[in-house]
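# Topology and contacts: notes
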Amino acid sequence: MELRDRIAQALKTAMKTKDTSRLATLRLINAAIKDQEIAGRSADGETAVGDAEIMSILAKMIKQRNESVRAYEEAGRLDLAEQERAEIEVIEDFLPRQLSEAEIAEAIDTAIDEVGASSVRDMGKIMAKLKARYPGRMDFGTVGRKVKARLG
């Protein structure tokens, strides 16, 4: 089942079960997808957003909420931090399982071997290979630092 269909089905289920917090988060996801479609409209009217783009949107939403959790906790607003964590859980339902640290290290080693990388100048090739192979399954900001340290 396509990611967009899974989100729509979850939205219908949340409406039927009157799960208001889950419903609100699912509506935020749909709004973010629609915003991406509107921003991507071209002259030929093609606006479809694929699964890879949706996973990118969801990853961005999780990152934003993690930053909000930190800010709320620093400000002593634990109720709002908990609400953000609940939204993160709903969003994560639609992303593939994240790779463990050991799996990430193995993926980096494999990509370095396949590319034949020998210096930091090859980092772009490695990152492109990892992004193509593991979309939505790792934090590429963190992985970039690990690749740089490995090649450094």
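Structure report, in brief.

What counts and what doesn't
Within each chain, residue numbers correspond to sequence positions counted from 1 in written order. A pLDDT threshold of at least 70 governs which residues receive local features in this predicted model, and a stricter bar of 80 or more applies before side-chain atom pairs are shown or counted, although totals over entire chains, interfaces and linings include all residues. Water and hydrogen atoms play no part in the side-chain values, which are based on all heavy atoms of the structure. The salt bridge criterion pairs a side-chain nitrogen of Lys or Arg with a carboxyl oxygen of Asp or Glu, the two atoms within 4 Å. Helix and strand definitions here come from DSSP, where helices need a minimum of 4 consecutive H or I residues and strands a minimum of 2 consecutive E residues; each element is numbered from the N-terminal end. Classification of residues uses two cut-offs on accessible area relative to the type maximum, computed with a 1.4 Å probe and protein chains only: under 20% is buried, over 50% is exposed, and between them is partly exposed. Throughout, nonpolar core names a set of buried Ala, Val, Leu, Ile, Met, Phe, Trp, Tyr and Cys residues whose side chains join them through atoms within 4.5 Å. Whether two residues touch is decided by their heavy atoms; if any such pair falls within 4.5 Å, the residues are in contact.

### A few points about the pattern of salt bridges
Within this structure, the stated rule accounts for 12 salt bridges. As a salt-bridge pair, Asp 79 and Arg 77 come within 3.3 Å of each other at their nearest N and O atoms. Between Glu 101 and Lys 146 there is a salt bridge, with the nearest N and O atoms lying 2.2 Å from each other. Of the two residues, Glu 101 sits in helix H5 (residues 101–115) while Lys 146 sits in helix H7 (residues 140–151), which places them 45 residues apart along the sequence. Of the residues examined, Glu 101 reaches a relative accessible area of 54% and is grouped as exposed. Judged by relative accessible area, Lys 146 falls into the partly exposed class, the value being 29%. A single salt-bridge network, built from bridges that share partners, covers Glu 73, Glu 82 and Arg 85.

### Some words on the nonpolar core
Proteins that are soluble and globular tend to have nonpolar side chains buried together. If you look at the biggest cluster of nonpolar residues, it comprises 23 residues, and the most contacted ones within it are Leu 3, Ile 7, Leu 26, Ile 29, Ile 54, Leu 58 and Phe 94. Considering every element that reaches this core, the biggest residue donor is helix H3 (residues 51–74), with seven residues. Ignoring sequence-local partners within four residues, the contact set of Leu 58 consists of Leu 3, Ile 29, Ile 91, Phe 94 and Leu 95. If you look at the next biggest cluster of nonpolar residues, it comprises 16 residues, including Leu 99, Ile 126, Met 127 and Leu 130.

### Concerning unusual backbone geometry
In this structure, Lys 18 takes a positive phi of about 55 degrees despite not being glycine. Tracing the sequence through the fold places Lys 18 in the loop between helix H1 (3–17) and helix H2 (20–39). Lys 18 gets classed as exposed once you look at its relative accessible area, which sits at 69%.

### Let's talk about the environment of Ile 29
When you line up the elements, Ile 29 lands in helix H2. Classification of Ile 29 by relative accessible area gives buried; the value is 0%. The sequence separation of Ile 29 and Met 127 amounts to 98 residues, and the corresponding C-alpha distance is 27 Å. Contact partners of Ile 29, with chain neighbours within four places excluded, come to Ile 7, Leu 58, Met 61, Ile 91 and Phe 94.

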